[in-house]
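Here are the chains, one letter per residue:
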Amino acid sequence: MSSTFFFALAGIGLFVLGLYGLIIYAHLLRKILAINIMGSGVFLVLAGLAHRLPDGTADPISHAMIITGIVVAVAATALALVLMMQVQHTTGQAVLPEKQKY
């Protein structure tokens, strides 16, 4: 098994695990954490599938894009946490309400 296949498989596993958590949990903090796990899986796949240069090293442009994505993900997580705290302050709970059946 090559390292490229291993990183891609691990990234897909992280993405599926995060998607499962996003669907299953109703608590907003757990949903934010699940989205972060999904993002980590995407970054791992991108790093694993990065174009290799003739000397065997990975292309630095793809690594720069991944680092930029991590910075954006941290900023988006901070915004999501602030919004979650605002929802909790307004409604008194950090859980999404159940859908009403009519």
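Residues numbered from 1 in each chain as written. Predicted model: local features only at pLDDT ≥ 70, side-chain atom pairs only at ≥ 80, totals over all residues. Heavy atoms only, no water.

A. Representation of the side chain of Thr77 in the model. By the secondary structure assignment, Thr77 is in helix α3 (residues 60–91). Thr77 gets classed as buried once you look at its relative accessible area, which sits at 16%. When residues no more than four places from it in sequence are discounted, the contact partners of Thr77 are Ile32 and Asn36. (Helix = DSSP H or I, 4+ residues; strand = E, 2+ residues; numbered from the N terminus. Buried < 20%, exposed > 50% of the residue type's maximum accessible area, 1.4 Å probe, protein only. Contact = heavy atoms within 4.5 Å.)

B. Representation of the packing of aromatic side chains in the model. Enumeration over the complete set of coordinates arrives at 1 aromatic pair. The cationic tip of Arg30 hangs over the ring face of Tyr25; the distance from NZ or CZ to the ring centre is 5.0 Å. (Phe/Tyr/Trp six-rings, centres within 6.5 Å; stacked < 30°, edge-to-face > 60°. Lys NZ or Arg CZ within 6 Å of the ring centre and 35° of its normal.)

C. Here's a closer look at the layout of surface pockets. Roughly 230 Å³ of internal volume is contained in the largest pocket. In terms of lining, the largest pocket is formed by Ile32, Ile35, Asn36, Gly39, Ser40, Phe43, Ile70, Ala73, Val74, Ala76, Thr77 and Ala80. Those elements giving two or more residues to the lining of the largest pocket turn out to be α2 (28–48) and α3. Of the residues in the lining of the largest pocket, the class split is 8 nonpolar, 4 polar and no charged. (1 Å grid on protein atoms, 1.4 Å probe; cavity = no way out; pocket = protein on both sides within 12 Å on 5 of 7 lines; lining within 4 Å. Points joined across faces, edges and corners; volume = space filled by probe spheres on them. Nonpolar A, V, L, I, M, F, W, Y, C, P; charged D, E, K, R; others polar.)

D. Fine view of the packing of helix α1 (residues 3–24) against α2. Two numbers describe how α1 lies on α2: the axes approach to 7 Å, and their chain directions differ by 165 degrees. The angle between the axes of α1 and α2 places the two elements in the roughly antiparallel class. For the crossing formed where α1 meets α2, the hand is left-handed. Packed against α1, whose contacting residues are Thr4, Phe7, Ala8, Ala10, Gly11, Ile12, Leu14, Phe15, Gly18, Leu19, Gly21 and Leu22, the element α2 presents Lys31, Ala34, Ile35, Ile37, Met38, Ser40, Gly41, Val42, Leu44, Val45 and Gly48 at the interface. Looking at the contact of α1 with α2, its residues break down into 15 nonpolar, 7 polar and 1 charged. (Axes fitted to C-alpha atoms, helices over the stretch in contact; angles between N-to-C directions. Parallel < 35°, antiparallel > 145°, perpendicular 65-115°, else oblique. Left-handed = near helix turned anticlockwise from the far one by under 90°.)

E. The arrangement of α2 in detail. Under the 1.5 Å per step criterion, the end-to-end length of α2 is 30 Å for 21 residues, consistent within 8% with the ideal 30 Å. What α2 keeps buried is the set Leu28, Lys31, Ile32, Ala34, Met38, Gly41, Phe43, Val45 and Gly48. Those residues of α2 that are buried are in contact with α1 and α3. (Expected span 1.5 Å × (residues − 1).)

F. Examining the packing of α2 against α3 more closely. Contact pair α2 / α3: the axes reach a minimum separation of 10 Å and the direction vectors enclose 175 degrees. By the angle between their axes, α2 is roughly antiparallel relative to α3. Here Leu28, Leu29, Ile32, Asn36, Phe43, Leu46 and Ala47 of α2 come into contact with α3, specifically with Ile66, Gly69, Ile70, Ala73, Thr77, Ala80, Leu81, Met84 and Val87. Of the residues in the contact of α2 with α3, the class split is 13 nonpolar, 3 polar and no charged.

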